[in-house]
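A look at the structure
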Amino acid sequence: MDSPVEPACLLMFCTETLWCCMNRLQSPGQSLQSLLNIDLPSSCIFQLVVTDGVVGTDQDMKTEEMEEYISAMSLLMIRKSAGAKFLQFSSSLTDCKQLVKHAQGKLPSLPICFQGLNQKEVLPLVKMINLYCPMSGINQETSNSFYKLFNKPLIAGGFVNEKILSDLSGVLQRSEEGCAVLGFVICGERVKVASVLIPSDVQDEKQVDALIKQLSDSKFPLENSFGLMYACVGRGVHVYTEHNVESKVFRKYFPKTPLLGIFGNGEIGMSYPPKDFDDTPPKLLHAYTTIMCLVCLT
């Protein structure tokens, strides 16, 4: 994989169907770098998540929702920018429990895996935390703790089947069996983020349009923007009886903004910004919903 610019972050979403095929082709001893044909600088954050379906956008800004039992992969490569920084973490169930206890004032410090987000020069700049985990990896209390401790950022993500990440030396590795949550964090003073929650009872395009229009009402500069869509595998064609309804509405309001995402077995997120920024987080764990996010790296 070649890139004309040095990437700061590479995010990949792969369907379970394609990932199973790739694993069958992997030779004994073959590295994940070789299997994926990826050679990245060690400073580049890399995460790959495997799930039931993906959303992707091609170079002509045509977006497609590729749902169950399709071999597909979508990826987003973000170049280095003076205005944005990308961080990642991998946490166990024990780490998550300690995170909750720290939020409750029962532990004096955060687990080591989260301390990079809690530095004085980083914490005020955390704008969005993307969380990828198995269904047993997170609960409402844990997601609330992320919101409370890290400057009330946009929290979004979903329940996925498998997780791949880069280590400190840039080597790709499968997340350890005990990994509960894989996190992808976007920081920056000038970074702007927004999201809308499309609830389970929204089942026609007109309702979707009214919600996604709220993202365009934010009037963000869109020169360096992208969208992230976290949808339930039970939505899409199962709800609308046709493909690409939600992504088509996103494209209507953001014709030049790439959109990628996943269809998973549960969603993490909210409408952001919330109506008020008090210390009570909104409900963050959902089913049969879609979280549509807009990220602007100004």
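The sections below set out a description of the structure shown in this document. All of these numbers come straight from a predicted model, not from anything done at the bench.

**Observations regarding the environment of Leu99**
Among the structural elements, Leu99 can be located in helix α3 (residues 93-103). With 12 residues separating them along the chain, Leu99 and Pro111 place their C-alpha atoms 6.7 Å apart. Other than its neighbours up to four places away in sequence, Leu99 contacts Leu110, Pro111, Phe114, Thr142, Ser145, Phe146, Leu149 and Phe150.

**Digging into the pattern of salt bridges**
Opposite charge on two side chains makes pairing possible when the charged atoms of those side chains draw close. Counted according to the given criterion, the structure contains 6 salt bridges. Between Asp217 and Lys213 there is a salt bridge, with the nearest N and O atoms lying 3.2 Å from each other. According to the relative accessible area criterion, Asp217 is partly exposed, its value standing at 43%.

**Brief notes about the packing of α3 against helix α4 (residues 140-149)**
For the pair α3 and α4, interaxial distance at closest approach is 9 Å and the crossing angle is 55°. Taken together, the axes of α3 and α4 are oblique relative to one another. Considering how the two elements wind past one another, α3 and α4 form a crossing that is left-handed. Packed against α3, whose contacting residues are Cys96, Leu99, Val100, His102 and Ala103, the element α4 presents Glu141, Thr142, Ser145, Phe146, Lys148 and Leu149 at the interface. Each residue belonging to the contact of α3 with α4 can be placed in one class, and the counts come to 6 nonpolar, 3 polar and 2 charged.

Calculation rules
Residues numbered from 1 in each chain as written. Predicted model: local features only at pLDDT ≥ 70, side-chain atom pairs only at ≥ 80, totals over all residues. Heavy atoms only, no water. Helix = DSSP H or I, 4+ residues; strand = E, 2+ residues; numbered from the N terminus. Contact = heavy atoms within 4.5 Å. Salt bridge = Lys/Arg side-chain N within 4 Å of Asp/Glu carboxyl O. Buried < 20%, exposed > 50% of the residue type's maximum accessible area, 1.4 Å probe, protein only. Axes fitted to C-alpha atoms, helices over the stretch in contact; angles between N-to-C directions. Parallel < 35°, antiparallel > 145°, perpendicular 65-115°, else oblique. Left-handed = near helix turned anticlockwise from the far one by under 90°. Nonpolar A, V, L, I, M, F, W, Y, C, P; charged D, E, K, R; others polar.

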